Amino acid sequence: MKVLKFGGTSVGTAQRMKDVAKLITAEHRNIIVLSAMSGTTNSLVEISDYLYKKNPDGANEVINRLAQKYYAHIEELFETAEYKQEAHELITTHFNYIRSFTKDLFTLFEEKVVLAQGELISTGMVNLYLNEQGIKSVLLPALEYMRTDKNAEPDPIYIKEKLTKLVDENKDADIYITQGYICRNAYGEIDNLQRGGSDYTASLIGAALNADEIQIWTDIDGMHNNDPRIVDKTSPVRNLHFEEAAELAYFGAKILHPTCILPAKIHSIPVRLLNTMQPDAPGTLISNKLEKGKIKAVAAKDNIVSIKVKSGRMLLATGFLRKVFEIFEDHKTPIDMVTTSEVGVSVTIDNRKHLEEIVDDLKKYGTVMVDENLVIICVVGDLEWDNVGFEARIIYALKDIPVRMISYGGSNYNVSLLVKASDKQRALQALSTHLFNN
Ligand code: ADP
Ligand code: ASP
Ligand code: MG
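Residues numbered from 1 in each chain as written. Chains lettered and ligands numbered in written order. Predicted model: local features only at pLDDT ≥ 70, side-chain atom pairs only at ≥ 80, totals over all residues. Heavy atoms only, no water.

### Side note on the environment of D174
Along the chain, D174 turns up in the loop between α6 (156–169) and β4 (175–179). Note on D174: relative accessible area 19%, which makes it buried. Residues D174 and K136, 38 residues apart in the sequence, show an inter-C-alpha distance of 5.1 Å. Not counting chain neighbours up to four residues away, the residues in contact with D174 comprise H28, R29, N30, I135 and K136. (Helix = DSSP H or I, 4+ residues; strand = E, 2+ residues; numbered from the N terminus. Buried < 20%, exposed > 50% of the residue type's maximum accessible area, 1.4 Å probe, protein only. Contact = heavy atoms within 4.5 Å.)

Below is the structure:
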């Protein structure tokens, strides 16, 4: 059994849904995870924003616009009057439900319910379409098996138990359709796995059912060696190790949600990145095979703040780093990069919510300096330390760009460099030119 996940653009129009239906029915008994149609979750966020601001008219305008789009989609998608009618009822029910939130108090709880409607609608539409085509497709409701615990982490035991039961109850189905992104939390309330989280749904399902493969179908031919939105002449990377893919996803390669790799890695389930618009292209295979001696790809993570603590007291002292790190832990702020010298330490964070308190607390231990508007550039590949010359090539590529921090040796798979946001494009392009396009 395989898990196939289709992102927003892959189900973004009626025609795309028809194309996806063809792809997923080529094999039987796979699990299909769908995102909301592209743009929908953003519209649901916009609706929520109006409701937080107590502007029901603004919300209703967006709701009506979105609903009209859906009525047009179903006209195009379905052939028979009977299924058009059923799909019409599906859309009307969901939009009336969203409208019901414009009349009352709006909190985080209601927002999560509104955000969940996109995936509920897209899966309902595709499931009906498959039924219209005579395919025995069954909906597995994510809200009945996808669940997070008190730490907002997925609960693998619960997921495995409930999902296995649901699949067993529907053994005669040709195909299973389910919602990405949405879940319930430890209190049974509707919640989600964060924006872009449908990739995570797919790998959690893959792990729960011990799938043969997890496929992430999107709008590009696999993981490229640099960000194709910013850099010219990027090309697909055919093979990645789990660790390499995890570093790239964490450090900004948008094609994969950062959390998606871990469940697949733990269970050694290969992940394949594929292109819905070009289904025959080879894409990228992520597995536990490492290609020796190769730099694979570059990614960048935005909105980084660096904090330097300089202190004479660090000299020959023990426990200095612990005290510094504890301050970040106290303020629930993860650290991304760390560099140290004999008289100071620099770290980076991407969550500036508690920046002021952190700086305040750090002042007990030394002089604190903060730099903002930075990006981490992450170069990924087989960067084991006895591969001579790899770091030199990376640094040489950036010879004309000011670099605030460099981190190497933390893993065998990456070198991270901190540069100004205004130098991001130039840095990424220079790395592509020197590392891949020579
Ligand atoms: P989906 O809606 O299918 O989840 P996403 O928009 O989340 O798709 O991810 C696909 C997009 O990721 C691509 O269209 C591409 O612009 C962007 N992207 C950023 N970095 C990379 C990369 N290194 N390789 C491939 N795509 C990337
Ligand atoms: N629809 C959600 C989003 O836009 C989840 C996903 O697409 O992965 O973030
Ligand atoms: Mg995505």
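Okay, back to it.
### Remarks on the pattern of salt bridges
Tallied over the entire structure, the rule returns 24 salt bridges. Residues K294 and E291 are paired through a salt bridge, measuring 3.3 Å at the closest nitrogen-oxygen approach. Under the relative-accessibility criterion, K294 is labelled partly exposed at 41%. Where E326 meets R322, a salt bridge forms, and the shortest distance between an N and an O atom there is 3.3 Å. In this pair, E326 and R322 both sit in helix α10 (residues 320–330), four residues apart, roughly one turn of the helix. The class for E326 is partly exposed, based on a relative accessible area of 34%. The structure contains a network of salt bridges with shared partners spanning E244, E291, K294 and K296. (Salt bridge = Lys/Arg side-chain N within 4 Å of Asp/Glu carboxyl O.)

### Digging into the site of ligand 1
Contacts to ligand 1 come from 16 residues, most closely from K5, T218, D219, H224 and K254. A distance of 3.3 Å separates an oxygen atom of ligand 1 from a polar atom in the backbone of G8. Between ligand 1 and the protein, one listed contact pairs an oxygen atom with a side-chain N or O atom of T218 at 2.8 Å. When ligand 1 sits alone it has 570 Å² of accessible area, and the protein chains cover 85% of it. (Near = heavy atom within 4 Å. Polar contact = N/O pair within 3.5 Å; in protein donor to acceptor, adjacent residues only side chain to side chain. Areas by Shrake-Rupley, 256 points an atom, 1.4 Å probe, with all protein chains shown as cover.)

### Points about unusual backbone geometry
You will see that A152, though not glycine, has its phi angle at about 60°, which is positive. For A152, a relative accessible area of 57% puts it in the exposed group. Although it is not a glycine, K233 adopts a positive phi angle of roughly 55°. With respect to the element layout, K233 can be found in the loop between β7 (213–218) and β8 (239–241). On the accessibility criterion, K233 (69% relative accessible area) is exposed.

### Structural notes on the sheet that holds β8
What links the strands of a sheet is backbone hydrogen bonding, and the strands pair in either a parallel or an antiparallel sense. Within the open sheet, the eight strands sit side by side as β3-β4-β2-β1-β7-β9-β10-β8. Their pairing is mixed. Only two strands of the sheet have a single neighbouring strand rather than two, namely β3 (137–140) and β8. Going across the sheet, the axis of each strand differs from the next one's by a mean of 20°, ignoring polarity. Sheet topology places strand β2 (residues 31–34) next to β4; four bridges connect them, and they run parallel. (Pairing = 2+ DSSP bridges. Axes fitted to C-alpha atoms, helices over the stretch in contact; angles between N-to-C directions.)

### Brief notes about the layout of surface pockets
The method is simple in principle: a probe with the dimensions of a water molecule rolls over the atoms, and the space it marks as empty is what remains. Its boundaries defined by the atoms lining it, the second largest pocket holds a volume of some 360 Å³. Looking at the second largest pocket, it is lined by 17 residues, and the ones nearest its centre are A152, D191, N192, L193 and Q194. Elements with a contribution of two residues or more to the lining of the second largest pocket: α5 (108–132) and β6 (190–192). Of the residues in the lining of the second largest pocket, the class split is seven nonpolar, six polar and four charged. (1 Å grid on protein atoms, 1.4 Å probe; cavity = no way out; pocket = protein on both sides within 12 Å on 5 of 7 lines; lining within 4 Å. Points joined across faces, edges and corners; volume = space filled by probe spheres on them. Nonpolar A, V, L, I, M, F, W, Y, C, P; charged D, E, K, R; others polar.)

### Re the site of ligand 2
Every residue near ligand 2 is listed here: S35, T41, E119, Y181, R195, G196, G197 and S198. Separating an oxygen atom of ligand 2 from a side-chain N or O atom of R195 is a distance of 2.6 Å. Between ligand 2 and G196 there is a distance of 2.8 Å, counted from an oxygen atom to a backbone nitrogen or oxygen. Its free accessible area being 260 Å², ligand 2 has 85% of it covered by the protein chains. Class assignment for the residues of the shell around ligand 2 results in one nonpolar, five polar and two charged.

### Details of the nonpolar core
Soluble globular proteins tend to pack their nonpolar side chains together in the buried interior. M125 and L256 are the most contacted members of the largest nonpolar core, which totals 103 residues. Considering every element that reaches this core, the biggest residue donor is α5, with 11 residues. Excluding residues within four positions of it along the chain, M125 makes contact with M17, M37, Y70, H73, I74, L77, F78, L90 and I91. Counting 21 residues, the second largest nonpolar core, distinct from the first, contains I295, L398, L417 and A427. (Core = buried A, V, L, I, M, F, W, Y, C linked by side-chain atoms within 4.5 Å.)

Interpretation in functional terms is not warranted from these geometric data alone.
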